[in-house]
Amino acid sequence: MSGHTGPAVVFDQVFKAFGPNHVLRNVSFSVPAGEALCILGRSGTGKSVTLKLLMALIKPDQGSIWVDGDDITRLKPAGVSKARRKMGFLFQDAALFDSLTLYENLALPLRRLTQKTTAEIDFAVDDVLRHVGLAGDKDKFPSSLSGGMRKRAGLARALVLEPRVLLADEPSSGLDRITASEIDELLLRQKHDKGMTVLVVTHDVHGARRVGDQFAVLHKGNLIAHGTASEIESSGDETAQKLISEDYPA
Amino acid sequence: MSNLIEFVGRVSSFGFRVIGDGVRMPFEGAQILNHIIEAGYKSLPLVVPAGFALGTVMTLHTRNTLMTFGAGAMIPTVQALAFFVEIGPLVAGLLLAGRVGSGIGAVLANMRVTEQIDAIESLSIDSFKFLVVPRVLACVVALPLLTLFMDFAGLLGGYLAEYSSSGASFSLYIRRAFADLQWANFVAPTLKTTVFGFIIGTVSSYFGFTTNMGAAGVGRAATNSVVVSSLLVILADVILVKCIFFAFPENAL
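A short tour of the structure in this document, coming up. (Residues numbered from 1 in each chain as written. Chains lettered and ligands numbered in written order. Predicted model: local features only at pLDDT ≥ 70, side-chain atom pairs only at ≥ 80, totals over all residues.)

### Observations concerning the interface of chain A and chain B
Keep this limit in mind: By definition, residues are in contact whenever their C-beta atoms, placed on the basis of the backbone, come within 7 Å of each other. In this text, helices come from DSSP runs of H or I with a minimum length of four residues, and strands from runs of E with a minimum of two, each type numbered from the N-terminal end. When residues are grouped by polarity, Ala, Val, Leu, Ile, Met, Phe, Trp, Tyr, Cys and Pro land in nonpolar, Asp, Glu, Lys and Arg in charged, and all others, Gly among them, in polar.
Contacts between the two partners involve 13 residues from chain A, matched on the other side by 10 residues from chain B. Among the elements of the structure, helix 2 (77-84) and helix 3 (102-113) of chain A are those that each provide at least two residues to the side of chain A that touches chain B. For the side of chain A that touches chain B, the per-class residue count stands at eight nonpolar, one polar and four charged.

Here you go:
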């Protein structure tokens, strides 16, 4: 366990542009350890970029990003790799390795990054697959899984290294209401049962309100609201109020 | 022109990174072996028949001319020299560029587009070392071996064409084929295919790994991988042949 006692995640005046397209402008927020932040906003407002910046998959043009006490924007590659070990990432389309079975998808990071024996790896994979409800599917290839199963498998892979921070990019996109609700339930369990810090990018306000303790609303690259649902609802910002409204279409 | 220079710089930098990461721990032994099987063993059904057919056709084309000049006995020698010195290495290289280069470009581009490469990075695994280095090394190892298969398949095809015309015995054909073949005719041209393999692996991986154009980028990466690596293999061949002649002047026939 880390000795860090401050917020698990801090974005400090982060600026990111792709050519002339300014995706994030001076975005700052923090997430206390063990809480869930849901990032809401219309498409193309920089929500997924926020998660990729956090995972150090892309670099900010300005600003600092702190994860569990480390400024990942100033780390060398070895340090970045170490910082990533603290995080798990559920990608929008799961991003499972399509040439590997479900078991191999999960065993790969365990084989490469831990000293576990084959038996321990088998146990860890079985355990996390059982946790997400895919216990009997470990020999299947990603192409034979349904959308909901792929999300669960992606979540299982994100959890297999037991991260402290879980990042989920549109975990319920493309899923029916019941399956989306099951994924939300799994995210909630990570927070409640394992004390994980969870950051979710979503359009699904219903799911976000279920999972999130705090909400960040991005609009045209700006963070226009950050706080609890009731704080945003009483903020006076009409766009933020609309984006967090349960009536807002997913 | 500046785009071309920029491209050369980027691919060169990519190639140097392959070399640097290739000698850095951990070595991806299992990955390399998998890709050697993919690039080498699975290319045999393409390379062997192609070599056999080329050998047959070459004998059919050259036989009459050589017979006209009373040089029928030279047919096996010409066949062996042509295959071991030039046809085997070059054609094997071009076939590998077509089969494996397009595959590498398409697979890596697809992995980029579907965020699988980001997923590998997010798991604290160096995606370049895990995906690119084994593919390039596999091409470097597999191509000389494929070249040998092509050389001997070509020789066999040539023999069967000759046998169907003159009924020459296999032992006589082989004796004459290797009579004038020096080690330098065999070793240097075969080893030059390691450079071809490096070019094919590096260029194809570059196009796949660096694509940023969504689904359209997958097709473009596959096409560019084949076109550019084939072109560079031919250009490299010209340079390497000059180098071989410089190193082994007796080979300059």
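### Re the nonpolar core
Stated precisely, the cut-off is as follows: We define the nonpolar core as any set of buried residues of the types Ala, Val, Leu, Ile, Met, Phe, Trp, Tyr and Cys, connected via C-beta atoms lying within 7 Å of each other. Using C-beta atoms placed from the backbone, we call a residue buried if 20 or more other C-beta atoms fall within 10 Å of its own, exposed if 12 or fewer do, and partly exposed for counts in between.
Ranked by internal contacts, the top residues of the largest apolar core, which has 138 residues, are A:Ala156, A:Leu167, A:Leu199, A:Val200, A:Val217, B:Leu96 and B:Cys139. Considering every element that reaches this core, the biggest residue donor is helix 4 (residues 75-113) of chain B, with 19 residues. Setting aside residues up to four positions removed in sequence, A:Leu167 forms contacts with A:Leu51, A:Leu54, A:Met55, A:Met87, A:Gly88, A:Phe89, A:Leu90 and A:Leu199.

### Description of the sheet that holds strand 7 (residues 165-169) of chain A
Residue and element names in this part refer to chain A. For clarity, the cut-off: Note on pairing: two strands pair once DSSP finds at least 2 bridges between them. Note on method: axes are straight lines fitted to C-alpha atoms, helices fitted across the in-contact stretch only, with angles between N-to-C directions ranging 0 to 180 degrees.
The strand order across the open sheet built from six strands is 6-7-8-3-9-10, with neighbouring strands paired in mixed fashion. Every interior strand has two partners, whereas the edge strands, strand 6 (87-90) and strand 10 (222-227), have only one. The sheet shows a mean angle of 15° between the axes of neighbouring strands, taken without regard to direction. In this sheet, strand 7 lies alongside strand 6 in parallel orientation, the contact comprising four bridges. Each bridged residue has a counterpart across the sheet, and for Phe-89 the counterpart in strand 7 is Leu-167.

### Quick word on the sheet that holds strand 1 (residues 9-18) of chain A
One key point about sheets: their strands pair by backbone hydrogen bonds, in either a parallel or an antiparallel sense. Residue and element names in this part refer to chain A. Here we have four strands laid out as an open sheet, ordered 2-1-4-5, and antiparallel in their pairing. The open sheet is flanked by strand 2 (21-31) and strand 5 (70-71), the only strands paired with a single partner. As defined by bridge partners, strand 4 (residues 62-67) adjoins strand 5 across two bridges and the pair is classed as antiparallel. Bridge pairing in strand 5 places Trp-66 opposite Asp-71. Helix-sheet contacts for helix 1 (residues 47-54) involve strand 1, strand 2 and strand 4, and the interaxial angle to strand 1 is about 115°.

The analysis is restricted to geometry; functional conclusions fall outside its scope.
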